[in-house]
Amino acid sequence: MSRERMFPLRSVVLGAFVPSLVFEVGIGAMLPIVAITATHLGASLAVAGIMAALVPIGQLLADMPAGALAARLGDRRAMMLAGLVSAVGFVGCALAPHLAVLALGVLLIGGATAVFNLARHAYLTEITPPLRRARVLSTLAGVHRIGLFIGPFAGAAVIHGNGLRAGYWLALGTSLAATAVIAAVRPEGDEHGPAAPAGSRQTRSLWSVLTEHRQVFATLGVAVLLVGAVRGARQTVLPLWGEHLGLDPAVTSVVFGVAGAADMLLFYPAGKVMDAFGRLWIGIPAMLTMGLAMALLPLTTTVAAFAWVAVLLGLGNGMSSGILMTLGADVAPPGERAQFLGIWRVFQDGGAAAGPLVVSAGAALGSLAAGIWVMAGSGVVAAGALGRWVPRWSAHANRTTRRRAGL
């Protein structure tokens, strides 16, 4: 039986997609209320903003340790541990009597999210046949988006009538439920596959993996950083430009939600195209689309124009769904995937953190439009970097795939 026919659908859906969706609903419910909780505990708006930023900061700090942990424990055990640690973080946030406890809880959640994301990435890379890889990882990215989209609405439903802290209790329930699903679903595969004991894996140091593959990180890693920056900036440019136009916050929120809905439309088609024709057929158009949308955004002066550009930006981001995870899976060495992907995610998350900072720097220097246009240019540069360093097909592509790509 070919490996393509041995696709472990049950392990993929129940072992990764379902727990990821449930876990992300909790994260989505928690994100909007961190800053509000901080202000209720006496924080200024500036400090409240820093509190909210502790989630991505925690992810970035934990990315490389997450790779080492997943390599030592195994992917499934690392995901279960992350679910339990995030549960502790949610309890801390729900019961926080002062800002220090809230900050610690949010950092724990950020770090646990890094471990969970890294482990599920490595897990799916191992159990998925290479010719289905992009579809599976793009779908995972789509599931992530759907969970984050549902989360704020679910949080609002439980907060109404139960108080702000109820959002954290909801997130606690989702993290425990995700952990229980992972524990209940045994992987399909042989004894040397993903279900193998953690001790049977290589546990090379992060430094040795980094030095051995420094050429990949110095080239393709730069492209990943740029793509991450453009995608990260999209979360900032829409609310800031809406504020610049003087729009009611409710209107901006609706536009942001519509862009998020557009974002979720293309994740499976994008993966299908990447599997059939190669990664560049999605990566380059996605970056050019996002670059164009950001270039047009400062030219908008009406709600309608703002909304149309937001939808274009959402479509571009949705088109890129799973591209960075797929590229990481393509180049990760089989014996040390977890460590490699931990380093890979530093580039990915570092870019996601840098993009909003560039936009904010432009605003601080007196020109929000300039900051947005810098990120628009970064989209073009990212497309060029992908074209320079990404192969036109997966390293595992067959002859038919290469012929379709015109190679």
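For the structure itself, consult the block above.
What this report covers is the structure whose coordinates are included nearby. Per chain, residue numbering runs from 1 following the sequence as it is written. Local features in this predicted model are restricted to residues of pLDDT 70 or higher, and side-chain atom pairs are both shown and tallied only at a pLDDT of 80 or more, whereas totals for entire chains, interfaces and linings draw on every residue. The side-chain quantities take in all heavy atoms of the structure and omit both hydrogens and water.

What follows covers the packing of helix α4 (residues 99-127) against helix α14 (residues 337-364). Structural elements are reduced to axes, namely lines fitted to C-alpha atoms, with helices fitted over the stretch in contact, and the angle between N-to-C directions of any two is expressed from 0 to 180 degrees. Where helices and strands are cited, they refer to DSSP runs of H or I of at least four residues and of E of at least two residues respectively, numbered from the N terminus. At their nearest, the axes of α4 and α14 sit 10 Å apart, and the two run at 130° to each other. Of the possible angle classes, the one that applies to α4 and α14 is oblique. At the point where α4 passes α14, the crossing takes the right-handed sense. Packed against α4, whose contacting residues are Asn 117, Leu 118, His 121, Ala 122, Thr 125 and Glu 126, the element α14 presents Arg 337, Ala 338, Leu 341, Gly 342 and Arg 345 at the interface. As a working rule, the residues Ala, Val, Leu, Ile, Met, Phe, Trp, Tyr, Cys and Pro are called nonpolar, Asp, Glu, Lys and Arg charged, and the rest polar, with Gly in that last group. Grouping the amino acids of the contact of α4 with α14 by side-chain chemistry returns four nonpolar, four polar and three charged. Angles are sorted into four bins: roughly parallel if under 35 degrees, roughly antiparallel if over 145, roughly perpendicular if 65 to 115, and oblique for all others. We call a crossing left-handed when the near helix sits turned anticlockwise from the far one by less than a right angle, and right-handed when that turn is clockwise. We call two residues in contact when some of their heavy atoms are within 4.5 Å.

Another point: helix α1 (residues 9-40). Between its terminal C-alpha atoms α1 stretches 46 Å, which fits the 46 Å expected from 32 residues at 1.5 Å a residue. Consider a residue and the seven residues that end there alongside the seven that start there; fitting an axis to each set, the bend is the angle between those axes. At Ile 33, α1 shows its largest kink, close to 40°. Once α1 ends, the next one or two residues include Gly 42, with phi positive near 100°. Expected helix span is computed as 1.5 Å times (number of residues minus one).

Take a side-chain nitrogen of Lys or Arg and a carboxyl oxygen of Asp or Glu: if they are within 4 Å of each other, that pair is a salt bridge. Enumeration according to the criterion identifies seven salt bridges in this entry. Across the pair Asp 263 and Arg 145 runs a salt bridge, and its minimum N-O distance is 2.7 Å. You can see Asp 263 sitting in helix α9 (residues 249-263) and its partner Arg 145 sitting in helix α5 (residues 133-159), a full 118 residues away along the chain. Like Arg 145, Asp 263 is buried. Residue Arg 279 pairs with Asp 330 through a salt bridge whose shortest N-O separation is 2.7 Å. On the criterion of sequence distance, the pair formed by Arg 279 in the loop between α10 (267-277) and α11 (280-296) and Asp 330 in helix α13 (residues 323-331) is long-range, its members being 51 residues apart. Burial classes follow relative accessibility: with a 1.4 Å probe on protein chains only, a residue under 20% of its type's maximum area counts as buried, one over 50% as exposed, and anything between as partly exposed.

Of note, Ala 177 is situated in helix α6 (residues 166-184). For the pair formed by Ala 177 and Phe 23, sequence separation is 154 residues and the distance between their alpha carbons is 7.9 Å.

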